[in-house]
Structures are given as C-alpha cells and as structure tokens.
Number of protein chains: 2
Amino acid sequence: MSVTVVGSIAFDSVKTPFGERERMLGGSATHFSLAASFFSDVRVVGPVGDDFGPDEFGVLEGRGVDTSDIERIEGGKTFFWQGHYDFDVNVAHTDDTQLNVFADFQPKLSDQSKESDVLFLANIQPDLQLEVRRQCEAAKFVALDSMNLWIETAADSLRAVISEVDCVLINDAEIRQLTNQSNLLKAARAVMALGPRAVVAKRGEYGAALFTEGGFFAIPGYPLEDIADPTGAGDSFAGGFIGYLDMHGPDEVDDAMLRQAMAYGSVMASFNVESFGTERVRGLTKDEISERFAAFRGISQFEDAPVEVRA
Amino acid sequence: MSVTVVGSIAFDSVKTPFGERERMLGGSATHFSLAASFFSDVRVVGPVGDDFGPDEFGVLEGRGVDTSDIERIEGGKTFFWQGHYDFDVNVAHTDDTQLNVFADFQPKLSDQSKESDVLFLANIQPDLQLEVRRQCEAAKFVALDSMNLWIETAADSLRAVISEVDCVLINDAEIRQLTNQSNLLKAARAVMALGPRAVVAKRGEYGAALFTEGGFFAIPGYPLEDIADPTGAGDSFAGGFIGYLDMHGPDEVDDAMLRQAMAYGSVMASFNVESFGTERVRGLTKDEISERFAAFRGISQFEDAPVEVRA
C-alpha cells in the first residue's frame, strides 16, 4: 500500500488579505504528500535545488513521507512561485514564477516508486506526466491534475496522458475549456470518453463534484470564517482523496468509495486554507480529521421526506 | 394551510442559446405560485393589465392557485420583461423592463390572503414588501426575496423589511453586497443579526446553501444536460421551499424541515430551467417530483467512513 506522487516542490511567497509569508515550503507534490500521509505511505518524486535544506526535508519526513526520490540538484535553485489573493480568494494572481531546477527536470523513479499501487500526477507539463505514467505500469489507480496553461499550450499532450489515467481532477472551468463544452455534465462525459472512469471537478468555495459512469455526486465547500491562504487547497484535496483510495484498496474503487474519498479530500482542502502554506495540514490530529469528516456529513445530509404532492 | 405570495405577474420575452419565446407568462409571483401549488393552497397578489386574459389566468387556476387577489387594471398593461442569456446561463442580460401597472401598485390584500399562515414577499420594491408584511400580522412564517437593484437603491427599506421576516432568500453575491462582507458565513450571520432565523443563499448551478443558528447546510445543483431557460428558477425554488414548509406546519419549522424544504426547492428549480417560462413546472406529475427528490438525495449523500488516520 503506497502512493507515488510526482509534481512540484517549491518555495512560495504569498500575500493574502490575512497576512503574508516569504519563501515558505510549497508546491503541488508537497501539499499532496502531506495530506495523503494521513492515510497511506507516500513517496514523492521531484527536483529541488541546494537551497532546499534539512528544515524542508524535515517537514515531509516528519509526516513519514519517503523523500528518497527527491532529486537535489547541486548549484540549482528550487522552483519558486510568488502570488497574491484579493478578497475573492478563489482567484490566484501570479506575480512571479521561476522554474529553476524544474526547467530541465527528467523524472527518474526508483524501483520502489515505480511499484506503488497508486500514482498521482500533480500539475506539471503533461509530457512529463506521461513519461512518469509509463514508468509506473504496475499502478492500479492513476489520477492527474492539470491547469489552463497546459490546455492552452499542450492540449494534445494533455489528452494523451488523460487517456492513460483512471481519474482526472481539475477545475470545472478547465473541464469546460478542455472539451470546448459549456455544459459541465457533457464536458465531463467528453473527458471520460478519452479514457478515465472518473472526473472530479474542483469548484473552489462551492466544493467539488464527481462524475462517473454510475452518476453524479457533489459535496459542498466547508463554511469557514477565515480563509488565510488557498494555495495548495486543490493538492491537499487530491492528497486526501487519493490517500483514502489507496488505504481502502485501489483494486476495489467503486462509486461509494469515490464519494467517501471526495469527503476526505474536502476535509484536507478545508484545513489547508485555514493557515498559510503547509502550516495547518502538517500538524493535524486524528480527532480533527474525524470531526471534520463528520462535519461534512452534517452539512450535506438531509432526511427522506416523501410527500403527497398535489399533481 | 395556505401561502400568500405578493410579487410580479408578467409577460416575458426570453432568448437563450436553446430558443426563444415572445410574451410568455412569467413573473416572480407566477413562478412561485405554480411551484408552491404542488404542496399547498396558494393565493397570489399582484397587478395585471387588461392584456392579461383567460389563458394566463387559466395557467394559474389550472394548478388550483387562488387568483382572486390579482388586481386587473382596465386600460393598463401587464409588467413586461425582455432578456437574454448567453452560454453562461447564470447571468441574465436585461434588454427591456416596462413596469406598466406595477408602477402605481398599492397592494390591497383580501381578508383571506391576510390570514394565511405563510407569506412570501417575492422580489419587489422593499417598501411594498413591508406594507404587505404589516397587512399579514397573523403569518407564522414569512420569507422574502430581493435583488441587487434594491440593495443599491433602497438599502434602508430592505433592511427594515428583512428585520420583520423569518427567512431571506437571495443570491450569495447579494448577501455579500447587502452586508459589505466578503466572507459568506459572516455575511449570512450579519443578515441574521437583523432578525431572520434563516438565510438561504441561492448559488445558480452550484445549488443553494442554508444558514441558521443551528448550522450550515448546502445542496448541489442538479446536473442537467440542457438548461433551456433559467428565468424564474429562484422563484420556483422559493415556491417548493415555502410550499413544503407550509404543508408540514409553519409552527414547527426546524433545521431538519428546512433542509428538506431546500431539497424540494431545488427539485422545483431544476424542473423550471428545463423548459421556457412555466412550461415544465405547470405540467409536472407526482412521480416526477418524487423521483427528482430521490435523485437529489442520490447526488448528495455519502456513507460514513471512519478511518484509522495516521496522525
């Protein structure tokens, strides 16, 4: 039972209406790994520079994440992202992106990473995702994230890798953009027609929706008084979602399990945004996670109410 | 057991990517009445012109709606709205509004309408809403709808009438606008601080959310392949929501009943948008309504999944 994730490991400088942080630990693979670590063994693959030190490794290793496939490039600099959010925290404004060691990244997975049952291809260039996908032939469940940048600049590569995964997790606007289809239900079906059996539409404050052959499911966002920093929320969602599926058996993924995984993904995303960067997720307790899961059931369930409709 | 509604009765000309209709029966009170008529006795209050004839009355009366408080102004013309929707059906573009008989409307309720247990103040000028509210002192549950126009032009009047109702149903953006508070949870609490015990945030394709002292609840939008015409969806939601509360006892409204009412509201809204104007809702059957309610449970429920989290 283990999950391999490939994606960015980064330093992020973020400013929101609630504060700011300089060069804190971030990146899609980082947020994913920390969230997934509450459910499963996680192996993280990605490049860092020699500015990535014991403190940063320590955050991942403190959660039991296997960092032996993190490639540390001597003389290189770690991927850097700078951005800010205004009061509409659904919209990230990018102020600076420095690919650094990511510019020449060629993923080389150890045998152990190749043999994981579950693979998550975080949001990186789709040709790299496909390269990793092909190194992990044994994987029983493979999911990917992507973004508008790759839809606009590498659509054919993105479609190629989508055709080789079980599940796609992207924003609902990106599902529409990828398929050129304004109706989300039809757009999700068009993605499934490429190969995946499940499509997860991330919807920001509105939560997330799941499309499968068996039907549709939606879970609301958690009502929070303060959203300190939304960076990484989608990756934490993916970590909880994928970690739960790995924990419960990637051979046996059905709609009921996918729905529960959606709930654990939502739990982790809701914690992610409560503080900056990885601050909240990395220190979570069992009870906090269990209570938030119960809270998600509490905000979305209603009793049957058969009525004598007057028709 | 009856519901009184005051609001617009209109002719609508609507164009969407799926077709168009000229001068079809519309208006907030009309959509509300038809949806509520599946659950309760409905009395509709509002003015029409002498262009409003037996065909239009027949649609309402065909669903058992009591039209005796519809004031027909000889020589007057019925309220007219013309608008269109592009592919983003969440946004209505108004091309023409003719208030006509609504310009001088002074609501005069019959004794029977004044004695309803439940009152719905559809989206009209808030001073008119307050006037009607005060004519219905016996009402046990009162709800209102409003819109950005009144927030911008009559905020004090709107706050005054909000302070005298039990429930406010408006768009989530309008809840933020009304309270000048970007966080929806805080914004809803600010509305409740004015008096109401429940706030319903309408969220278009994302469904609707309910805020009460007891907590938060959200129900997703129904996944539809084709949305023919969203006009009146919010009013049909309110009709199902309020009709269900009246049917089950406005003395006993609690959070569980409000959640079920949210589901029936969502059912009626989802039908509303499947065809133009009132075409779909007015012809619904018992089975269609029951099946759609069950479908809403189907798309939003998930099983408990306690896990041994590794924290």
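Our structure's up above, just so we're on the same page.
Okay, so let's go over this structure. (Residues numbered from 1 in each chain as written. Chains lettered and ligands numbered in written order. Predicted model: local features only at pLDDT ≥ 70, side-chain atom pairs only at ≥ 80, totals over all residues. Heavy atoms only, no water.)

Some words on the pairing of strand β12 (residues 208-212) of chain A
All names here are of chain A. To keep it simple, the criterion reads: Three labels apply to residues, based on accessible area from a 1.4 Å probe with only protein chains included: buried if under 20% of the type maximum, exposed if over 50%, partly exposed otherwise in between. Here a strand is any run of E in DSSP of at least two residues, a helix any run of H or I of at least four, and the numbering for each starts at the N terminus. Here, a strand pair is defined by DSSP locating no fewer than two bridges between the strands.
Taking burial as the measure, the 5 residues of β12 include 5 buried ones, the bulk of the element. The side-chain alternation of β12 yields two buried faces, one formed by Ala208, Leu210 and Thr212 and the other by Ala209 and Phe211. Strand direction decides the pairing type here: strand β11 (residues 198-202) and β12, joined by 5 bridges, are antiparallel. Note that in β12 the partner of Val200 across the bridge is Leu210. Hairpin connection between β11 and β12: a loop of 5 residues separates the two successive antiparallel strands, and Gly204 in this loop has a positive phi of roughly 60°. Between β12 and strand β13 (residues 215-219), which follow one another and run antiparallel, lie 2 residues.

Focus on the relation of the copies chain A and chain B
Filter applied, for reference: We place the copies in one frame by least squares, fitting the C-alpha atoms of every residue whose pLDDT is at least 70 in both.
You can overlay chain A on chain B at an RMSD of 0.0 Å; the transform is a turn of 180° with a shift of 0.0 Å along its axis. Such a combination of turn and shift is consistent with a two-fold rotation axis.

Considerations on empty space enclosed by the protein
Summary: where empty space remains is shown by rolling a probe the size of a single water molecule over the atoms. The line we're drawing: Using a 1 Å grid laid over the protein atoms alone, points where a 1.4 Å probe fits but cannot get out form a cavity; open sets with protein on both sides within 12 Å along at least 5 of 7 lines form a pocket; any residue with an atom within 4 Å of a point counts as lining. Grid points are joined across faces, edges and corners, and a volume is the space filled by probe spheres set on the points. In this classification, the charged set is Asp, Glu, Lys and Arg, the nonpolar set is Ala, Val, Leu, Ile, Met, Phe, Trp, Tyr, Cys and Pro, and all remaining amino acids, among them Gly, are polar.
Taken as a whole and assessed by the stated rule, the structure comprises 1 cavity of 30 Å³ or more. Its boundaries defined by the atoms lining it, the largest cavity holds a volume of some 80 Å³. Around the largest cavity, the lining residues are Arg203(A), Tyr206(A), Ala208(A), Ala218(A), Ile219(A), Pro220(A), Arg203(B), Tyr206(B), Ala218(B), Ile219(B) and Pro220(B). Taken together, the elements giving at least two residues each to the lining of the largest cavity come down to β13 of chain A together with β13 (215-219) of chain B. Class assignment for the residues of the lining of the largest cavity results in 9 nonpolar, no polar and 2 charged.

Considering the state of the cysteines
All names here are of chain A. Note the cut-off: Criterion for a disulfide: a pair of cysteine sulfur atoms at a distance within 2.5 Å.
Within this structure, the stated rule accounts for 0 disulfides over all chains. Residue Cys136 stays outside any disulfide, its sulfur separated by 16 Å from that of Cys167, the closest cysteine. Judged by relative accessible area, which is 0%, Cys167 ranks as buried.

Re the interface of chain A and chain B
Interface size is often expressed as the accessible area that is lost when the parts come together. What counts is decided by this rule: Every residue pair with non-hydrogen atoms within 4.5 Å of one another is taken to be in contact. Salt bridge, as used here, is a side-chain nitrogen of Lys or Arg placed within 4 Å of a carboxyl oxygen of Asp or Glu. Polar contacts here mean pairs of N or O atoms no more than 3.5 Å apart (in protein, one a potential hydrogen donor and the other a potential acceptor; neighbouring residues in sequence count only if both atoms are side-chain atoms).
The interface of chain A with chain B comprises 56 residues on the first partner and 56 residues on the second. Salt-bridge contacts for Lys186(A) lead to Asp226(B); the nearest nitrogen and oxygen are separated by 2.9 Å. At the boundary of chain A with chain B, the tally comes to 36 residue pairs in polar contact (both at pLDDT 80 or more). Counting residues per element, the ones that place at least two in the side of chain A that touches chain B are α7 (172-179), α8 (184-192), β13, α9 (233-248), α10 (255-272) and α11 (286-300) of chain A. With 8 residues, the top contributor of residues to the side of chain A that touches chain B is α11(A). The class makeup of the residues in the side of chain A that touches chain B is 28 nonpolar, 11 polar and 17 charged.

Observations concerning the pattern of salt bridges
Under the criterion given, the structure shown has 38 salt bridges over all chains. When salt bridges that share partners are traced, they join Glu274(A), Arg280(A), Glu288(A) and Arg292(A) into one network.

As for the packing of helix α9 (residues 233-248) of chain B against helix α10 (residues 255-272) of chain B
Residue and element names in this part refer to chain B. We apply this condition: The axes are straight lines fitted to the C-alpha atoms, using for helices just the contacting stretch, and the angles between their N-to-C directions are given from 0 to 180°. A crossing counts as left-handed when the near helix is turned anticlockwise from the far one by less than a right angle, and as right-handed when that turn is clockwise.
At a minimum axis separation of 7 Å, α9 and α10 run at an interaxial angle of 140°. In the crossing of α9 with α10, the sense of the turn from one axis to the other is right-handed. Residues Ala233, Ser236, Phe237, Gly240, Phe241, Tyr244, Leu245 and His248 of α9 lie in contact with α10, whose contacting residues are Met257, Leu258, Gln260, Ala261, Met262, Tyr264, Gly265, Ser266, Met268, Ala269 and Asn272. Residues of the contact of α9 with α10, tallied by class, amount to 12 nonpolar, 7 polar and no charged.

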